[in-house]
Every structure is written in structure tokens, then in C-alpha cells.
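Residue strings, one per chain:
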Amino acid sequence: MKIGRFIYQDRIVWGILDNDGIRVLGSLPFCELKVDKEIPHLGVKLLAPVQPSKIVLVGLNYKDHAQELGMPVPLEPIIFLKPPSAVVGPEEDIVYPPVVNRLDYEAELAVVIKKKCKNVKEEEVNDFILGYTCLNDVTARDLQKKDGQWTRAKSFDTFCPIGPWIETDIDPCNLKIRSYLNGKLKQNSTTANFTFSVPFLVSFISKIMTLLPGDVISTGTPPGMGEMNPGDIVEIEIEGIGILKNKVAI
Ligand code: MG
């Protein structure tokens, strides 16, 4: 099932996307799903399918990416945060800040949390996950190196494209993940290369901070991340979910 958030007749609504149309939900998608009415796809604009209280990201979580960088595989997840103000949806612009000299894309699988989650065991995490979506961990690589810590480099407005919708019915352990820059394949891996699995990550993070409905955990990027420039089109494609497409603008 694909759950999206979109603008319909000047209102923001949630809905289930089918081939024939959209079944609009009478409530948020974190409780029992009740369909209000059905509408066509026409005239609907997709928004980011989440309004998180926080976005928790994982660094260096692909074994093939650690190899590419010549770095050891971490013994524990390396985590950091992006602010909710960085979120943009499908087809929205990534704005290239004037103080940045090198801007990179990073294709990532994102987990969307369904209900309040604290100290959850690995074998219980599925009850706390609503579904999965694509995320671009946009990074000012020059500032990341310069600052030593990552907050500024990862947190500019528009540095967290998410979407196009939440897929609720996939197994995250072996999904093809790719990125394209202006239609050219740049990253091409599978989540089978994760160092830390989704259940491990959700459990690990829930022992640090309380996760709330709509919060996002992004699971790291595979090899091949690279530079974007104004005018470029970047696409993140994940098997079973779809394609998240954004343009870089000044
Ligand atoms: Mg990343």
C-alpha cells in the first residue's frame, strides 16, 4: 500500500494511492485507516509524506561504501540528526546555499515510524514501523570537512528531500537502491549490503531517544555519492517504492 500526503482543492490531505485514483483518509495514517472518499490523480500535488519531529540518519551503513572509502566498518551505528525544517517533497527544489562550494547527493532508504517507540527490542520493531520511502541526504561536503561535526553541512533548508510516498508492504532487507544525476546512473547497490539492519537500527535508536509517529530514520548511503550543481536533476530510486525526483536551484 502506498500512503501519500498531498494538496487537493487547496487542502492538505493523506491518502492511499492506487492505479485508479486516491482514497482520501479521514485521519492521519498512524492509526486505523478509514477512507473518507475517492478522488482522481488529476489536479493533485504530492507533498513530502512525513512531518517528522526529528530525522535520525546513519553514517557509513553500507559495507561496500566503507570499502570505497577505505574505512573500517563501524562497530556501532554512527548517528546524526537533520532538522524537520530541511524536509522538502517530490519535485521541490534543493536550494544550493551561497556559502557552500561542494553539494552532494546521497541515496538512502528511510524508515517511517508508526507509533511512539522507546526501548524496543529488535524482534518487536515491525509493530512500530509504518513503512519505507526514499530520502536524499543532501550534504555540503566542504562544510562537513571544515566543521568536523556535521550539523551545518546537513541541515540547510531543503537538504532533506523525502518521498514520493510511504510503501507499507516491503521487506527492507534486500532492495535495489540507485541514484541518477541528469538521467545518468551514479549509485547502484542493495540494502543487503547494510552493516546494521533496520530492526537493529530502530531498536538501537529507540534506546537513545523516544521516536514519535512520523519520525524518520535514514539508513545510510551506498558507494558512488557525488556532486550536484544548479540545474541538475537528481533521482533516488528504491525497488518496491518508486522514484524521488528533485532539481537543484540557486
Ligand atoms: Mg547519508
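Notes on the structure follow.

Rules of the game
- Residues numbered from 1 in each chain as written.
- Predicted model: local features only at pLDDT ≥ 70, side-chain atom pairs only at ≥ 80, totals over all residues.
- Heavy atoms only, no water.
- Pairing = 2+ DSSP bridges.
- Helix = DSSP H or I, 4+ residues; strand = E, 2+ residues; numbered from the N terminus.
- Donors = N, O, S within 2.8 Å, 3.2 Å for Na, K, Ca; no water.
- Buried < 20%, exposed > 50% of the residue type's maximum accessible area, 1.4 Å probe, protein only.
- Phe/Tyr/Trp six-rings, centres within 6.5 Å; stacked < 30°, edge-to-face > 60°.
- Core = buried A, V, L, I, M, F, W, Y, C linked by side-chain atoms within 4.5 Å.
- Domains from an automatic or database assignment.
- Contact = heavy atoms within 4.5 Å.

Here's the deal with the sheet that holds strand β13 (residues 139–140)
- Spatially, the three strands line up as an open sheet ordered β13-β10-β18, and their pairing is antiparallel. Strand pairing shows two members of the sheet lacking a second neighbour, β13 and β18 (226–228), which therefore form its edges.
- Two strands pair when backbone bridges link them, and strand β10 (residues 103–105) and β18 are joined in this way by three bridges, in the antiparallel orientation. Paired with L103 across the bridge in β18 is M228.

Observations concerning the coordination of the magnesium ion
- Protein ligation of the magnesium ion involves E106 (OE), E108 (OE) and D137 (OD), the donor distances falling in the range 2.0 to 2.1 Å.
- The sequence pattern formed by the donor residues of the magnesium ion is E-x1-E-x28-D. Highlighted residues: E108 in strand β11 (residues 107–113) and D137 in the loop between β12 (129–136) and β13, separated in sequence by 29 residues. In terms of burial, E108 and D137 fall into one category: buried.

Some words on the packing of aromatic side chains
- One pass over the structure, following the stated rule, counts six aromatic pairs.
- A ring pair is formed by F196 and F200, whose centres lie 5.3 Å apart and whose planes are at 20 degrees; its orientation type is stacked.
- Given a relative accessible area of 9%, F196 falls into the buried group.
- For F200, a relative accessible area of 29% gives the class partly exposed.
- With 6.0 Å between their ring centres and 15 degrees between their planes, F200 and F204 make a pair best called stacked.

So, the nonpolar core
- Counting 50 residues, the largest nonpolar core has L103, Y132, V202, L211, I217, M228 and I241 as its most contacted members.
- Ranked by residues supplied to this core, first place goes to β11 with four residues.
- Residue-level mapping places this core at the junction of two domains, with at least three residues from each of domain 1 (2–47) and domain 2 (55–249).
- Leave out the neighbours within four places in its chain, and L211 touches K54, V56, I113, K115, K116, C117, V202, I205, S206 and I217.

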